[in-house]
Amino acid sequence: QKARMEFDRLLKEFPESDQLHFYAAAVYEKLKEMDKALVSLEKITSRSRFYSEAIRHRVRLLMELKRHKEALGVIEQTLKKHPDRDEYYDVMASIYEEDQNYSMAAQVLEGALEKFPKEERLLYYLGMVYDKMGETERSIERMQRLIQLNPNHADALNFMGYTYAVHGKNMREAERMV
């Protein structure tokens, strides 16, 4: 409560401070004042070093509040302004994934990989989404592509090893990967 009062006071004195808004949002969230946290996060400008994390935090809060359409709107607007930022595509995909709309999550990630073909995080996530869809072959293809980019990607190797083992395929290779 004391921290909240101090942030309220500081924000009145420095209403343009992105840093204050960012940390105040964390305090408001801790106190379960989600709307106030969202307002603070919304005030962080795209020029700020806190912007990317503020967008992610805002979307996460909206998802926790079951305001999925609003979360999707936030990330769609962000991508319109910053289509060159790969980190927002996985956020959008995660919204679809949470709604169990795996085909849309995959579509978002496939589109992102057209722009960022070597982004390991996106490739791995896409492989996992295909796995949730029951599309094992597509999942394996994405993981193989990832392993070609990074032969030591532990999560992809582990996934491949277990997937092969579960399906009784390439057992020697499965052992080597896990």
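Data block above holds the structure.
Since the structure is predicted, the reported quantities are computational estimates derived from the model, not experimental observations.

Asker: Would you take a moment to explain the layout of surface pockets for this structure?
Answerer: The probe, sized like a water molecule, is rolled over the atoms to show the empty space still left. In this structure, the largest pocket encloses a volume near 190 Å³. Contributing to the lining of the largest pocket are E53, R56, H57, V59, R60, M63, D90, V91, S94, I95, E98 and Y125. Looking at the lining of the largest pocket, the elements with two or more residues in it are α4 (51–64) and α6 (87–98). It is α4 that contributes the most residues to the lining of the largest pocket, 6 residues altogether. Of the residues assigned to the lining of the largest pocket, the class counts are 5 nonpolar, 2 polar and 5 charged. Roughly 150 Å³ of internal volume is contained in the second largest pocket. Residue lining of the second largest pocket: D8, L11, K12, P15, H21, Y28, K36, V39, S40 and K43, and that is the complete set. Grouping the amino acids of the lining of the second largest pocket by side-chain chemistry returns 4 nonpolar, 2 polar and 4 charged.

Asker: It is not clear to me how the nonpolar core should be interpreted in this structure. Could you clarify?
Answerer: Of all hydrophobic cores here, the largest spans 56 residues; its most connected members are V59 and I75. When near neighbours in sequence (up to four residues on either side) are disregarded, V59 contacts A71, V74, I75, V91 and I95.

Asker: Quick question: what am I supposed to make of the packing of α4 against helix α5 (residues 68–81) here?
Answerer: Angle between the axes and distance between the axes are the two parameters that describe a pair of packed helices. α5 packs onto α4 with a crossing angle of 160 degrees between their chain directions and a minimal axis gap of 7 Å. On the basis of their axis angle, the class for α4 and α5 is roughly antiparallel. For the pair α4 and α5, the sense of crossing is left-handed. Taken together, the residues of α5 that come into contact with α4 (itself represented by Y51, I55, R58, V59, L62 and M63) are H68, E70, A71, V74, I75 and T78.

Asker: Teacher, can you tell me more about the pattern of salt bridges here?
Answerer: Side-chain pairs of opposite charge can arise where the charged atoms are in close proximity. Taken as a whole, this structure holds 19 salt bridges when the rule is applied. For E97, the salt bridge identified is with K132, shortest N-O distance 2.2 Å. You can see E97 sitting in helix α6 and its partner K132 sitting in helix α8 (residues 120–132), a full 35 residues away along the chain. The exposure class assigned to K132 is partly exposed, which follows from its relative accessible area of 46%.

Asker: Even after reading the chapter, I still don't get the environment of L79, so can you show me in this structure?
Answerer: Looking at the secondary structure, you find L79 in helix α5. For the pair L79 and M92, spaced 13 residues apart in sequence, the C-alpha separation works out to 9.2 Å. Excluding its chain neighbours within four sequence positions, the residues that come into contact with L79 are R85, Y88, Y89 and M92.

Asker: In this structure, what is going on with the side chain of S52? I would like to understand it.
Answerer: As for its placement among the helices and strands, S52 is situated in helix α4. Of the polar contacts made by the side chain of S52, one reaches the side chain of E87; its length is 3.2 Å. Excluding residues that lie within four positions of it along the chain, S52 makes contacts with R85, E87 and Y88.

Asker: Would you mind showing me how to read the packing of helix α2 (residues 18–30) against helix α3 (residues 34–42) here?
Answerer: Axis separation between α2 and α3 bottoms out at 8 Å; the angle between their running directions is 170 degrees. In terms of axis orientation, α2 runs roughly antiparallel to α3. Note on element contacts: α3 touches α2 through M34, K36, A37, S40 and L41, opposite H21, F22, A24, A25, Y28 and E29. Of the residues in the contact of α2 with α3, the class split is 7 nonpolar, 2 polar and 2 charged.

Thresholds applied
- Residues numbered from 1 in each chain as written.
- Predicted model: local features only at pLDDT ≥ 70, side-chain atom pairs only at ≥ 80, totals over all residues.
- Heavy atoms only, no water.
- 1 Å grid on protein atoms, 1.4 Å probe; cavity = no way out; pocket = protein on both sides within 12 Å on 5 of 7 lines; lining within 4 Å.
- Points joined across faces, edges and corners; volume = space filled by probe spheres on them.
- Helix = DSSP H or I, 4+ residues; strand = E, 2+ residues; numbered from the N terminus.
- Nonpolar A, V, L, I, M, F, W, Y, C, P; charged D, E, K, R; others polar.
- Core = buried A, V, L, I, M, F, W, Y, C linked by side-chain atoms within 4.5 Å.
- Buried < 20%, exposed > 50% of the residue type's maximum accessible area, 1.4 Å probe, protein only.
- Contact = heavy atoms within 4.5 Å.
- Axes fitted to C-alpha atoms, helices over the stretch in contact; angles between N-to-C directions.
- Parallel < 35°, antiparallel > 145°, perpendicular 65-115°, else oblique.
- Left-handed = near helix turned anticlockwise from the far one by under 90°.
- Salt bridge = Lys/Arg side-chain N within 4 Å of Asp/Glu carboxyl O.
- Polar contact = N/O pair within 3.5 Å; in protein donor to acceptor, adjacent residues only side chain to side chain.

Any functional reading would require information that these geometric values do not contain.
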